[in-house]
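Here is what each chain is made of, one letter per residue.
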Amino acid sequence: MNRTVFVNARLCDPASNLDLTGDILVEDGLIVDIGPDLVTQGAASDTETVPCHGKLLTPGLIDMRVFTGEPGTEYRETLGSASLSAAAGGVTTFIVMPNTEPVIDDVALVDFISRRARDTAIVNVHPMAAITKACQGEQMTEIGLLKDAGAVAFTDGDKPLANSLVMRRALSYATFFDALIVQHAEDRTLAAGGVMNESELASRLGLAGRPALAETIMIERDLRLVELTGARYHVAQVSCKASVDVIRRAKAAGLPVTCGVSASHLTLNENDVASYRTFMKLLPPLRGEDDRVALVEGVADGTIDVIVSSHHPQDPETKRLPFAQAAFGAVGLETLWPATLSLVHAGSITLERAIDALTTRPAKLLGLPSGRLQKGAPADFVLSDINVPWILNPDDLKSKTKNTPYDERRLQGRAIRTIVGGKTVHVLGEN
Amino acid sequence: MSDVEHTIPVNYPHRHLLGIEGLTSAEIGSILDLSDFYVGLNRQVDKKRAVLRGRTQINLFFEASTRTQSSFELAGKRLSADVMNMSVSSSSIKKGETLIDTATTLNAMHPDLIVVRHGDSGAVELLSQKVGCSVLNAGDGSHEHPTQALLDALTIRRRKGRLEGLIVAICGDILHSRVARSNILLLNTMGARVRVIAPKTLLPVGIERMGVEVYNDMREGLKDADIVMMLRLQLERMHGSFVPSVREYFQYFGLDYEKLAFAKPDALIMHPGPMNRGVEIDSAVADDINRSVIREQVEMGVAVRMAALDALSRNLPNEAVQ
């Protein structure tokens, strides 16, 4: 029997309405007891003890949006290297997007991801499968079989499902399996050629813009289809105020709709692009400050359900280019938690809401057993020092590529120990 | 060849000329004053100065250009620089060499000045971060074309005696134009009143917040204008993507005598070239010796580029670099 007790931690879990100082007992990868003074009640002598010094212990973070290069472009990121990055960032479960080579659109490929993750990753990895074959937006995938094989949701990843008829059928068909349909919402015809947010700044820089309304238009169309079909629908990332408003109204009307936002979009804005910084070239693009503030409010009031990293490793050669030619995307697994904590420190969102958006809600959306500190739940949790100040050095990142927008930023708070299935997979300062 | 160098003081405390943005009116005025001197020099028999003797100037053009490249080449040669022209065709980029590779390769040859034109906004600034010499922006994407704005300003200032208070109407494809952006910045800095006139499809988002008055109607926008600055409309943008057809564009946005009549009687007509006659400008208007200063702009171009090269060279190190 393998028993570990984590003593004297601030246990915080919105899912169980828990916020107290106490201990947590783990046996064979599961949480078997939680409460104050477990140790004095007499833990067995074969139990390993980990002192937590009153630090914050929460469920491990669940990141719903991660891109890797496995299979196909392993030089960018493998499931293994992404998992090192995740562990360092306090993420105990991440969901990979199907935009690999080949696309995850077949049962055998879902199997491949699960097996590779089991063999090479130190955190839990689940795939989202494609909604359409090769993410081409035309032919539906085997949603039922893929779900049975382990796909936690369905998305064409960073490709919007543009065809209204295909979207209608996918939503309609998905209801039978209670599958979650995840959309990257953007009308690509309206955003054609754009490389940053359409704005005065883009005009000054001489860069073609992607208007925010390209996102809102597609969300509005999809919401009509959700109303029609009753399917569970999730917008992978909202990036502007209008989208938040539209989703707030849809939720008020009782539609089964949820959405996410990236930590980058909550903490950065388009002005960070100034002087053509390609590490700030994201999709959706960073918007104006008004939009960023609206996104933070959306998280605070629960309109935006989850916060994701939208981790997207890019080879330096695809970033060391003129802005228009550079690739979209930034790594984010290791900054998801610190960036979110910066909003807590600023008083913009509560710590409980931050934890909820990073653990409880994604677990609920995806039907995962983790994301809570409860007896019988997997022992996936993270011990954090939420106050420690530090400066991000890109060379310290565990990810294979270092394209972080937080290069040299001053951050406050980070994971100090990450536990997956009762096993410690990361301790700050150790490798 | 004159032995007395640097007799005219210049106020330009920058290493590069990447754009008009960030320059003060004093710095712009100083470059224009120096340009005036070179206009005079260029009209003499002996046009040669030793200002750049021993210096190497590389003209690195990623986009085809005849007039800007020859203007920079002539400017460098008249100042005694060793000038090398490099046209990097798109095919050699396809061979895999990136902009940064090209920059570091050229940098190893110890140039003193690199003049760069590139099709992407921000590309010249990116290159300037990777080289040890001075960089002049000869046009980057839709971003800036500072020497064009300077030569336009010089042309106006010599004709009108000032820039301050003049009404300058910039007409045509503002959206894609680096010439328009640099001119808006420069003319605003120098106190002119800038108007832009274009169909809404050719106006960038937020243009009204860049210190210009926005018009869609040529007749309204040209009213009382001192300067009418026409822009080139690229061929690929004429047929349906931004405007429906050439004849419709010319009808509403092309400069002809009828529309010109709304401007001041002594209004000057300018165009950065090359012109599309019958598209954005009527041929007779373009050639009107009483109104059009289009050829004068070309002359001013050489002088302005000499002034820019001269100004930058004064900040170059004179000692050997180890």
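How each quantity is defined
- Residues numbered from 1 in each chain as written.
- Chains lettered and ligands numbered in written order.
- Predicted model: local features only at pLDDT ≥ 70, side-chain atom pairs only at ≥ 80, totals over all residues.
- Heavy atoms only, no water.
- pLDDT = per-residue confidence, 0-100.
- Helix = DSSP H or I, 4+ residues; strand = E, 2+ residues; numbered from the N terminus.
- Pairing = 2+ DSSP bridges.
- Axes fitted to C-alpha atoms, helices over the stretch in contact; angles between N-to-C directions.
- Buried < 20%, exposed > 50% of the residue type's maximum accessible area, 1.4 Å probe, protein only.
- Right-handed = clockwise from strand over helix to strand, strands pointing away.
- Contact = heavy atoms within 4.5 Å.
- Salt bridge = Lys/Arg side-chain N within 4 Å of Asp/Glu carboxyl O.
- Polar contact = N/O pair within 3.5 Å; in protein donor to acceptor, adjacent residues only side chain to side chain.
- Nonpolar A, V, L, I, M, F, W, Y, C, P; charged D, E, K, R; others polar.
- Parallel < 35°, antiparallel > 145°, perpendicular 65-115°, else oblique.
- Left-handed = near helix turned anticlockwise from the far one by under 90°.

**Some thoughts on the confidence of the model for chain B**
Should pLDDT be low for a region, the predicted coordinates there are not to be read in detail.
Now for step 1: Averaged over every residue, the pLDDT of chain B is 93; the share at 70 or more is 95%.
Now for step 2: Model confidence for the complex is summarised by a pTM of 0.94, with the ipTM given as 0.92.

**Structural notes on unusual backbone geometry**
Now for step 1: For the bond from Glu70(A) to Pro71(A), the omega torsion is 0 degrees, close enough to zero to count as cis.
Now for step 2: With an omega dihedral of -10 degrees, the bond running from Gly273(B) to Pro274(B) counts as a cis peptide bond.
Now for step 3: Backbone geometry at Ser310(A) places phi at a positive 50 degrees, although glycine is not the residue there.
Now for step 4: Here Ser310(A) is to be found in the loop between strand E15 (306-308) and helix H10 (336-345).

**Remarks on the sheet that holds strand E2 (residues 82-87) of chain B**
Residue and element names in this part refer to chain B.
Now for step 1: If you walk across this open sheet you meet the four strands as E2-E1-E3-E4, and the pairing is parallel. At either end of the open sheet lies a strand with only one pairing partner, and these are E2 and strand E4 (134-140). Across this sheet, the average inter-strand angle for adjacent strands is 15 degrees, counted without regard to direction.
Now for step 2: As paired strands, strand E1 (residues 56-61) and E2 are joined by six bridges and run parallel to one another. Paired with Gln57 across the two strands is Val83, which belongs to E2.

**Considerations on the pairing of strand E6 (residues 61-66) of chain A**
Residue and element names in this part refer to chain A.
Now for step 1: Burial within E6 is extensive, with six of its six residues counted as buried.
Now for step 2: Relative to strand E7 (residues 91-96), E6 runs parallel, the two sharing four bridges. The residue of E7 that forms the bridge with Asp63 is Phe94.
Now for step 3: What joins E6 to E7 is helix H1 (residues 79-88), and the crossover it makes is right-handed.

**Remarks on the interface of chain A and chain B**
Now for step 1: With 16 residues of chain A in contact, the opposing surface of chain B contributes 20 residues.
Now for step 2: Here chain A and chain B share one salt bridge between them.
Now for step 3: For Arg209(B), the salt bridge is made with Glu200(A), and the minimal N-O distance between the two is 2.9 Å.
Now for step 4: Across the contact surface, chain A and chain B share seven residue pairs in polar contact (both at pLDDT 80 or more).
Now for step 5: Of the residues assigned to the side of chain A that touches chain B, the class counts are seven nonpolar, five polar and four charged.

**Some thoughts on the sheet that holds strand E9 (residues 154-155) of chain A**
Residues and elements named next belong to chain A.
Now for step 1: Here five strands make up an open sheet; going across it, the order is E9-E10-E13-E14-E15 and the pairing parallel. The open sheet has two edge strands, E9 and E15, and neither has a second partner.
Now for step 2: Here strand E10 (residues 180-183) pairs with strand E13 (residues 232-235) via four bridges, running parallel. Residue pairing for E13: Gln183 is matched across the bridge by Val235.
Now for step 3: Sheet contacts for helix H6 (residues 213-229): E10, E13 and strand E14 (257-262); angle to E13, the most-contacted strand, approximately 170 degrees.

**Some points on the packing of H6(A) against helix H7 (residues 241-252) of chain A**
Residues and elements named next belong to chain A.
Now for step 1: Interhelical geometry of H6 versus H7 gives an angle of 15 degrees and a closest axis separation of 9 Å. One finds that H6 runs roughly parallel with respect to H7. Where H6 crosses over H7, the handedness of that crossing is right-handed. In this structure, H6 uses Glu215, Thr216, Ile219, Glu220 and Leu223 to contact H7, whose residues at the interface are Ala242, Ser243, Val246, Ile247 and Ala250.

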